[in-house]
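Coordinates in review
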Amino acid sequence: MQAESSRPEIRLKGIAAAPGVGRGPVFLLQKGMPVISCVKVQDPETEIRRFEEAIVATRHEITNLRNKVVDELGESEAAIFDAHLLVLEDVALIDEVMKEVRSTGFNIEFCFQEVAQRYIDIFENMEDDFLRERASDIRDVTSRVMNQLVGTSPQRLGTPLHKQVVVAKDLTPSETVTLPTDGVVAFVTEEGGRTGHSAIMARSLEIPAVVGVRGLLDVVNEDDVILVDGELGLVVINPTAQTIESYQAKELTLQNRRDRVMKEIGMPDRTLDGVSFSLQANIGGPEDMEDIGRYYAHGVGLYRTENLFLRLDAWPTEEEQYQEYAAVVKQSNGKVITFRTLDLGGDKRLGDLTDEANPFMGYRAIRLCLDRPDIFRTQLRAILRAALLGPVAIMFPMISSLEELRKAKEFLRGVATELASEGITPKEVIRLGAMIEIPAAVAVAEELAQEVDFFSVGTNDLVQYLLAVDRGNQRVATLYEPAHPGFIRTMDKIFTSAKKNKVTSAVCGELAGDSLWAPLLIGMGVNELSMTPSAIPDVRFILRHSSQSELKSLAENVLKMTETAQIKNLMNEFSQSKLKLR
Ligand code: PEP
Ligand code: MG
């Protein structure tokens, strides 16, 4: 429990991105500054040697910079670097760091950051302007030394400490996947939208998150305490004792609600009138597979395979991919794992992908794969090899036309033939699917349906492309509105085409796990909903306490409506009436 702060409480509204309430000291994620984890090391003397080398390298770096500035601007402009060099010669600071490493046995990055921060705090609190300036010198030099250390570090760095709330301008998906989250109690970002990939990852990590908080970085300080309400999309900086107390009550209510829902978790997935529905999990790698059993998911409806690429920040080899995929399939207990082929691009950028003015409209997903047969072939080989270990489905993201889908299928057939010639043939027939997330694909859904076993609707993208609203742009977040009648009718067209052609309809975008939307989707004829595993209990509860005829009439009524607000009201009423049963 955090103590009440003496600073005034500030409340800011953002977009609720991942449910739950989290509270803790601020961890300000500054771009370019490595995030440091705390680990026990085997040999403190090796750490100290690394520290000495980093200091020497930093001294070179600053001296070179100083010489350059002297040449280009003159001696007086370079004076700042003299102050920086003095920090590197501060015996007291350096000795204290070494003592810390030897006495704690922790890694040098962590000890150095701790000691440097103590120095920064002391100088920042001094009366004298000149001495206060020293704080920024130390901060600057610390970041240079830290960059040197990170370059020589054998481990990937990153972990906010002591139950902190990560505060950032924006979190890229690769930052979210590489940031170890043991110490994180919540995420808050100034930018981003509910269906941006960082928000999706926060939900899958079950960490409360609020995104799109305008003006956040103007008011938050590193030594603030922050409370994040991921249900209301509210951020409270330096909450008063009263606020904290009221939130403790709210946390209890949430916990009670959750306990009750979890009690029913293992019951059959049937509506009140006995119609079965299938709830599946969206995963990002083997580490999420535990949730399949925990939440009784029927399988994996979306495996975001690009997460491995983002975690490694590199193109993994066939073997690396195979190991990861095999680990997922081995834990599936015979349930189908739906591999979504690589969906890099958009907001999921890998280092050497070129910059684009419109990344969401650009070199992304199936487009990239068809253009880079080397990458596509490697991935498909790894997936098909993993399919020897259990049932697997494959779906292609961002399909926009019949030709594109046929090309992808043909490519897959080629890879399967190649593997067969090596004696590798999966036992089970692999189910094939197309993601429907581009409006043009909806227009040709009848034709696409004849080529696949299932459709999986990527509502996150379909909404953005249909309404022309960037899913990660906080400025247009209020326009990102799936309850738009145009979107509802578009979905109806997809599900009707699927049904007519006896193709399974699945939804794997965020709407599938939203208790407001899941009843409507099932009412519209969707067979499978795939979601962040932690969303399964609520959705299951609502659907189990509804009859298929009720859901159908909800869908019929919504389809007749012409205004977003009406649609939202009706869905809200329905969902609330069911949740009240708890
Ligand atoms: C979607 O677009 O709805 C989807 C599931 O894919 P992603 O969020 O990974 O783009
Ligand atoms: Mg998508």
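In this numbering scheme, every chain counts its residues from 1 along its sequence in written order. In the order they appear in the text, chains get letters beginning with A and ligands get numbers beginning with 1. Local features in this predicted model are restricted to residues of pLDDT 70 or higher, and side-chain atom pairs are both shown and tallied only at a pLDDT of 80 or more, whereas totals for entire chains, interfaces and linings draw on every residue. Excluded from the side-chain calculation are hydrogens and water; included are all heavy atoms of the structure.

1. Regarding the coordination of the magnesium ion (ligand 2)
- Those donors, Glu-437 (OE) and Asp-461 (OD), are the protein atoms that reach the magnesium ion (ligand 2), and they lie 2.0 to 2.2 Å from it. With Glu-437 in the loop between β13 (431-436) and α16 (439-443) and Asp-461 in helix α18 (residues 459-467), the pair connects residues that are 24 residues apart, well separated along the chain.
- For Asp-461, a relative accessible area of 2% corresponds to the buried category. Counted as coordinating are nitrogen, oxygen and sulfur atoms within 2.8 Å of the metal, or 3.2 Å for Na, K and Ca, while water is not included, which may make sites look incomplete. Where helices and strands are cited, they refer to DSSP runs of H or I of at least four residues and of E of at least two residues respectively, numbered from the N terminus. Exposed residues in this analysis have more than 50% of their type's maximum accessible area, buried residues have under 20%, and partly exposed residues fall in between, with area computed by a 1.4 Å probe over protein chains only.

2. A short note on the domain arrangement of the protein chain
- Here the domain parsing of the protein chain yields domain 1 (10-31 + 155-239), domain 2 (44-150) and domain 3 (275-579).
- Note that domain bounds follow an automatic or database assignment of domains. Each of domain 1 and domain 3 has a C-alpha centre, and these two points are 26 Å apart.
- Listed by partner, the interface residues are 21 residues for domain 1 and 22 residues for domain 3.
- Roughly 1,800 Å² of surface becomes buried between domain 1 and domain 3 when both sides are summed, with 49% attributable to carbon and sulfur atoms.
- When residues of domain 1 are sorted by the area they lose upon contact with domain 3, Thr-195, His-197 and Glu-206 head the list and together hold 31% of the total.
- Every case where a carboxyl oxygen of Asp or Glu lies within 4 Å of a side-chain nitrogen of Lys or Arg is listed as a salt bridge. Between domain 1 and domain 3 we count two salt bridges in total.
- Measuring nitrogen to oxygen at the nearest pair gives 3.6 Å for the salt bridge that ties Glu-206 to Arg-294.
- Here a polar contact is recorded for every N or O atom pair within 3.5 Å, except that within protein the pair must consist of a potential hydrogen donor and a potential acceptor, and residues adjacent in sequence are included only if both atoms are side-chain atoms. Our enumeration of links across domain 1 and domain 3 arrives at three residue pairs in polar contact (both at pLDDT 80 or more).
- For the side of domain 1 that touches domain 3, the elements supplying multiple residues, two or more each, are α6 (173-178) and α7 (197-204). By the convention used here, residues are in contact when the closest approach between their heavy atoms is within 4.5 Å. Throughout, the accessible surface (probe 1.4 Å) given up by two parts as they are put together, summed over both, is called the buried area.

3. As for the pairing of strand β10 (residues 300-304)
- With five of five residues buried, β10 lies mostly within the body of the structure.
- Note on pairing: DSSP must find at least two bridges between two strands before they are called paired. Here strand β9 (residues 278-283) runs beside β10; their pairing, made up of three bridges, is parallel. Looking across to β10, one finds that Ala-281 is bridged to Val-300.
- Strand direction decides the pairing type here: β10 and strand β11 (residues 337-340), joined by three bridges, are parallel. Counterpart to Tyr-303 in the pairing with β11 is Phe-339.

4. Remarks on empty space enclosed by the protein
- A 1.4 Å probe that fits but cannot get out identifies a cavity on a 1 Å grid over protein atoms alone, an open set with protein on both sides within 12 Å along at least five of seven lines counts as a pocket, and a residue lines either if it has an atom within 4 Å of a point. Grid points are joined across faces, edges and corners, and a volume is the space filled by probe spheres set on the points. Scanning the model with the defined rule gives two cavities of 30 Å³ or more in all.
- If you add up the space inside the largest cavity, you get close to 90 Å³.
- Taken together, 16 residues form the lining of the largest cavity, with Arg-304, Arg-340, Glu-437, Asn-460 and Asp-461 sitting closest to its centre.
- Mapped by element, the contributors of at least two residues to the lining of the largest cavity are β10 and α18.

5. Points about the site of ligand 1
- Neighbouring residues are identified by heavy atoms, a residue being near a molecule or strand if any of them is within 4 Å of it. Contacts to ligand 1 come from 17 residues, most closely from Arg-304, Arg-340, Gly-458, Asn-460 and Arg-471.
- A distance of 3.4 Å separates an oxygen atom of ligand 1 from a polar backbone atom of Gly-458.
- Using the Shrake-Rupley algorithm and a 1.4 Å probe, accessible areas are obtained, with residue cover drawn only from the displayed protein chains. For ligand 1, whose free accessible area comes to 280 Å², the fraction covered by protein is 100%.
- For a molecule to be placed in a cavity or pocket, more than half of its atoms must lie within 2 Å of the grid points of that cavity or pocket. Under a 2 Å grid-point criterion requiring more than half of the atoms, the pocket assigned to ligand 1 is the largest cavity.
- Those elements giving two or more residues to the shell around ligand 1 turn out to be α7, β10 and α18.
- The biggest single contributor to the shell around ligand 1 is α18, with three residues.

6. Some words on the sheet that holds strand β16 (residues 528-531)
- With parallel pairing, eight strands are arranged side by side around a closed barrel as β9-β10-β11-β12-β13-β14-β15-β16. For this sheet, the mean inter-axis angle between neighbouring strands, taken without regard to orientation, is 25 degrees.
- Here β11 runs beside strand β12 (residues 392-396); their pairing, made up of four bridges, is parallel. Among the inter-strand pairings, Ile-337 is bridged to a residue of β12, identified as Val-392.
- Along the sheet, helix α15 (residues 402-421) makes contact with β12 and β13, crossing β12 at roughly 140 degrees.
- Sheet strands touched by helix α21 (residues 536-544): β9 and β16. Its angle to β9, the strand with the most contacts, is close to 165 degrees. An axis is simply a line fitted to the C-alpha atoms; with a helix, the fit covers only the stretch in contact. Between two such axes, the angle follows the N-to-C directions and lies from 0 to 180 degrees.

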